[in-house]
Structure formats: structure tokens, C-alpha cells
Amino acid sequence: MSILVTGGLGFIGSHTVVALVEQDFKVVIADNLSNSKKEVLHAIENITKVKIPFYQIDVADEVSLNRLFESYDFKGVIHFAGYKSVGESVTEPLKYYRNNLLSTINIANACKKYGVKKLVFSSSATVYGDNQVPFDETMPLLPTTNPYGETKTMCERILTDFVQVNKEFEVTLLRYFNPIGAHPSGEIGELPNGVPNNLMPYITQVAKGKLKELKVFGDDYPTQDGTGVRDYIHVMDLAEGHVAAFTHITPGLHVYNLGTGLGTSVLEIIHTFERINHLRIPYKVVERRLGDIASSYADVSKAKKELKWSAKRNLEDMCKDAWNFEKNLSIK
Ligand code: UFG
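All figures in this text were calculated on a predicted structure; none of them were measured in a lab.

Here is what the cut-offs are and how they apply
Residues numbered from 1 in each chain as written. Predicted model: local features only at pLDDT ≥ 70, side-chain atom pairs only at ≥ 80, totals over all residues. Heavy atoms only, no water. Helix = DSSP H or I, 4+ residues; strand = E, 2+ residues; numbered from the N terminus. Expected span 1.5 Å × (residues − 1). Buried < 20%, exposed > 50% of the residue type's maximum accessible area, 1.4 Å probe, protein only. Contact = heavy atoms within 4.5 Å. Axes fitted to C-alpha atoms, helices over the stretch in contact; angles between N-to-C directions. Left-handed = near helix turned anticlockwise from the far one by under 90°. Nonpolar A, V, L, I, M, F, W, Y, C, P; charged D, E, K, R; others polar. Near = heavy atom within 4 Å. Polar contact = N/O pair within 3.5 Å; in protein donor to acceptor, adjacent residues only side chain to side chain. 1 Å grid on protein atoms, 1.4 Å probe; cavity = no way out; pocket = protein on both sides within 12 Å on 5 of 7 lines; lining within 4 Å. Points joined across faces, edges and corners; volume = space filled by probe spheres on them. Core = buried A, V, L, I, M, F, W, Y, C linked by side-chain atoms within 4.5 Å. Phe/Tyr/Trp six-rings, centres within 6.5 Å; stacked < 30°, edge-to-face > 60°. Lys NZ or Arg CZ within 6 Å of the ring centre and 35° of its normal.

Asks: Explain helix 6 (residues 147–165) here, please?
Replies: At 3.6 residues per turn, the α-helix brings residues three or four places apart onto the same side. Spanning 19 residues, helix 6 covers 27 Å between terminal C-alpha atoms, matching the ideal 27 Å at 1.5 Å per step. Residues of helix 6 that are buried include every one of Pro-147, Tyr-148, Gly-149, Thr-151, Lys-152, Thr-153, Cys-155, Glu-156, Leu-159, Phe-162 and Val-163, and no others. Tucked inside the fold, the buried residues of helix 6 contact helix 4 (86–91), helix 5 (93–114), strand 5 (118–124), strand 6 (170–176) and strand 11 (252–258).

Asks: What exactly am I supposed to notice about the packing of helix 3 (residues 62–71) against helix 5 here?
Replies: Angle between the axes and distance between the axes: these two values describe a pair of packed helices. Where helix 3 meets helix 5, the closest approach of the two axes is 10 Å, and the angle between their N-to-C directions is 35°. As for the relative orientation of helix 3 and helix 5, their crossing is right-handed in sense. Judged by residue contacts, Glu-62, Leu-65, Asn-66, Phe-69 and Glu-70 of helix 3 engage Asn-106, Ile-107, Asn-109, Ala-110, Cys-111, Lys-113 and Tyr-114 from helix 5. A class-by-class count of the residues in the contact of helix 3 with helix 5 yields six nonpolar, three polar and three charged.

Asks: What exactly am I supposed to notice about the site of the ligand here?
Replies: Taken together, 18 residues are adjacent to the ligand, and Asn-198, Lys-215, Arg-230, Arg-289 and Asp-292 come closest. Leu-199 is positioned such that a nitrogen or oxygen atom in its backbone is 2.8 Å from an oxygen atom of the ligand. In this structure, Arg-289 approaches the ligand through a side-chain N or O atom, which is 2.8 Å from an oxygen atom. Ranked by residue count, the leading element in the shell around the ligand is strand 8 (residues 214–217), at four residues.

Asks: Looking at this structure, I do not really get helix 5. What am I missing?
Replies: End to end, helix 5 covers 31 Å across 22 residues, agreeing with the expected 32 Å (1.5 Å per residue, within 8%). Listed as buried for helix 5 are Tyr-96, Asn-99, Asn-100, Leu-101, Ser-103, Thr-104, Asn-106, Ile-107, Ala-108, Ala-110 and Cys-111. Immediately beyond the C-terminal end of helix 5, within one or two residues, lies Gly-115, with a positive phi of roughly 65°.

Asks: What should I look at first to understand empty space enclosed by the protein in this one?
Replies: By rolling a water-sized probe across the atoms, one finds the places where empty space is left. Taken as a whole and judged by the stated rule, the model has two cavities of 30 Å³ or more. Contributing to the lining of the largest cavity are Gly-181, Ala-182, Gly-189, Glu-190, Met-200, Pro-201, Thr-204, Ala-322, Phe-325 and Glu-326. Only helix 7 (199–208) and helix 11 (315–327) provide two or more residues apiece to the lining of the largest cavity. In terms of residue class, the lining of the largest cavity is built from five nonpolar, three polar and two charged. Of the voids in this model, the second largest cavity is the one considered here, and its volume is about 40 Å³. If you go around the second largest cavity, the residues you meet are His-79, Ala-81, Gly-82, Asn-100, Thr-104, Phe-121, Thr-151, Lys-152 and Cys-155. Those elements that place two or more of their residues in the lining of the second largest cavity are helix 5 and helix 6. It is helix 6 that contributes the most residues to the lining of the second largest cavity, three residues altogether.

Asks: I would appreciate a short explanation of the environment of Leu-253 in the present structure.
Replies: One can find Leu-253 in strand 11. Accessibility expressed as a relative area gives 29% for Leu-253, which makes it partly exposed. Distance in space between the C-alpha atoms of Leu-253 and Phe-162 is 9.4 Å, their sequence separation being 91 residues. Look past the residues within four positions of Leu-253 in its chain and what remains in contact with it is Leu-159, Thr-160, Val-163, Val-171 and Leu-173.

Asks: How should the nonpolar core be read in this particular structure?
Replies: Nonpolar side chains tend to gather and get buried jointly when the protein is soluble and globular. Counting residues in each nonpolar core, the largest one holds 41 residues, and the members touching the most others are Val-17, Leu-20, Val-27, Ile-29, Ile-44 and Ile-52. Elements with a contribution of two residues or more to this core: strand 1 (2–6), helix 1 (11–22), strand 2 (26–30), helix 2 (39–48), strand 6, helix 8 (235–248), strand 11 and helix 10 (301–307). In terms of residue count, helix 8 provides more of this core than any other element does, eight residues in total. Setting aside anything within four residues of it in sequence, one finds Ile-29 in contact with Val-5, Gly-8, Leu-9, Val-17, Leu-41, Ile-44, Ile-52, Pro-53, Phe-54 and Tyr-55. By size, the runner-up hydrophobic cluster in this structure holds 26 residues, among which are Leu-4, Leu-68, Ala-108 and Val-116.

Asks: Just to check I follow, could you spell out the packing of aromatic side chains for this structure?
Replies: For any two aromatic rings, the description comes down to two numbers: the centre-to-centre distance and the angle of the planes. Under the criterion given, the structure shown has 11 aromatic pairs. When the ring of Tyr-55 is compared with that of Tyr-72, the centres are 5.9 Å apart and the planes differ by 80°; the resulting orientation is edge-to-face. Taken together, the residues Tyr-55 in strand 3 (residues 54–55) and Tyr-72 in the loop between helix 3 and strand 4 (76–79) connect sequence positions 17 residues apart. Its relative accessible area of 31% is what places Tyr-55 among the partly exposed residues. Members of the aromatic cluster, joined through ring pairs, are Tyr-55, Phe-69, Tyr-72, Phe-74 and Tyr-114. The positively charged end of Lys-118 is found above the aromatic ring belonging to Phe-246, 5.7 Å away from the centroid.

Listed below in C-alpha cells is the structure:
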């Protein structure tokens, strides 16, 4: 029996597929290639030496999704497929609400229709809004500052209500903090469309000379050095967190933070990246970015206790692997 991984060619999805295959799980990938590339499949197969069935389908299209569920006896689903650009979600809210909500509803419906009981959903630390750090799973969710964040909160709500009346289902919501880095082979990593919005891909493109300098969004936050603080987690740790979540899943609804529990500032990231890779990253401090919060980091005790999982790789590993991927980038 296979696990269906939707969005399995995306940044987090592709690393999770590798982690699953390494633990001898059979995987089927569904991805519409809207923000990923077919070459990623070959890269995954190069790393794992396993042929992985791939279907180019849109999970928001119920007919093709159901056809896929009919052809396999899935043991579970890990649902990554979704739009994720915060800025684009502000300018195109309907596109975000339609795609992210519909995909999740279709997946839950298909799971019910075809008796697939295990479902892991890609959520985000953004659902905590501007709560007091560290964020823990018992905190009330606060409004986010953009439609992307709202889709994550709404999908969590949809799945929570679904499990409430379908008690035999096993649903886990994973709230990711800030995944960066890449597989150490350098074969897969983050492939942003156009100019990156996120910090690490911006840094690696500055390092490569594709971009001139990094803009640091504000140095007047109430943090250690005034720049924004985030909980950066190596994408392979995050991927292994999914394997742990899938393995430990039991009936009912479960929520876990996947982070390291450490808060790192923008300047600390820049300096670690420079030191570990022997490079200079030119930067200048500009205005705060609209919608950013000062600090976001996780209380990771629940995942540690219940999933027996915690992040193993440090900031140096993240900076080294992110640069190793960008430096050798063959996927265009
Ligand atoms: N930053 C810069 N310059 C840049 C990009 C980012 O200074 O060019 C700063 C931001 O202000 C922030 C930090 O770097 O302080 C991290 O920013 P990212 O854009 O990399 O990440 P965010 O924390 O804003 O958002 C990420 C994901 C969202 C997710 C959120 C969850 O992109 O999808 O984490 O907390 F919702």
C-alpha cells in the first residue's frame, strides 16, 4: 500500500518523499507542476534509486483526484499541494481561497469515499498570528495578515470539523516554522518562481550573483539585534517529522509544531551563511515588510514527547546545504 503525497515535487514535498522512501514507504506523487518541475522527480529517483509513480493532476479537480483514489489502495495521504506565496495571496485572494480550500475538501472527501483513514496536512506557524513566543499548540489561533495564512487556518478548521464526526479518521496538522536548506546531495532544494520572497533563497541568489544585495526588512523590532526572528528548520528535519507523524498517527485529530525551538535573527542568518560558506552577502536595512511579525519560534516539546521526533541539524547545516544546492543548480 502506498502513501499519496500531493505536491510531492515541491520544496517540502520532495524532501518528504525522499525521507519516506528511505524508511521503505511506497509513495505515489500527485502534483500539477504549478510551482514545481518534472526534473525534481528524476532528482528524487536519483537520490533514492527507486522509481516513483507520478501523476500530473490538480488536486482541486475532484474528478481526476477520485480517479487516482480508484486506481490505488492508499494507506494514507500527506497533503502538501497548495499555493504558498504570501504576497500573491494578497493580490489574488480568490485564487488562494479557491485552490487551497478546494484541494483540502477534495482530499478529505476522497479519503472518506475510499476509506483512507490517515491524513497529514501541511499547516504553518502563520496560524498563530502575533501570539506570544514560543508558540505552543494549545494557543488560540489569531488572525493572520494575508489570505494565504487564512487558508491554512480555514483548512485546519475544516479538517477538525471533519474528524469530529468521522472519529475513525486519523488526521494530523503539522505547523511548519521556517524550512530552509536542501538535501545534502544538492539534487533537490528550494526552487522559487521569479524573485524569491523568502529569506534563504534570496540570500543564496545574492551569493550566486543573480541578485545584487539583500534587503533586511527592518532593524527596529524588539528582538536581540532589531531584525526579525524566526525558527529556521532544516527541510530534511521537517521531512523526517512527517515520517514520524505518519508513523505515530492514531484516531482523532492531532496538532504538532515542527520547528527547532530556536529563534534566529536575519543578521544571525546572514553572518552564519557568510562564515560557513566563506562568502560575503551585501545587504542594506530597509523599511519593515508589511504583515511581518517580530518573532516566531516554536515550543517543540509536544512533537518531541509524542512523536519522538526533534530536529537534528543546526543552522550551519542549513546554510551549507542551501548554498550547495544553489551553487550546483542544474534544474532551471
Ligand atoms: N526577510 C528579509 N529580507 C528578505 C526576506 C525576508 O529581511 O528579502 C526577513 C523577514 O522580514 C523575516 C525573516 O526574514 O523577518 C523571514 O522571512 P521569510 O519571508 O523567509 O519567512 P516568513 O517568516 O515571513 O514566512 C514564512 C513562510 C510563510 C509561513 C511563515 C510561517 O514564507 O509561508 O513562514 O511562520 F506562513
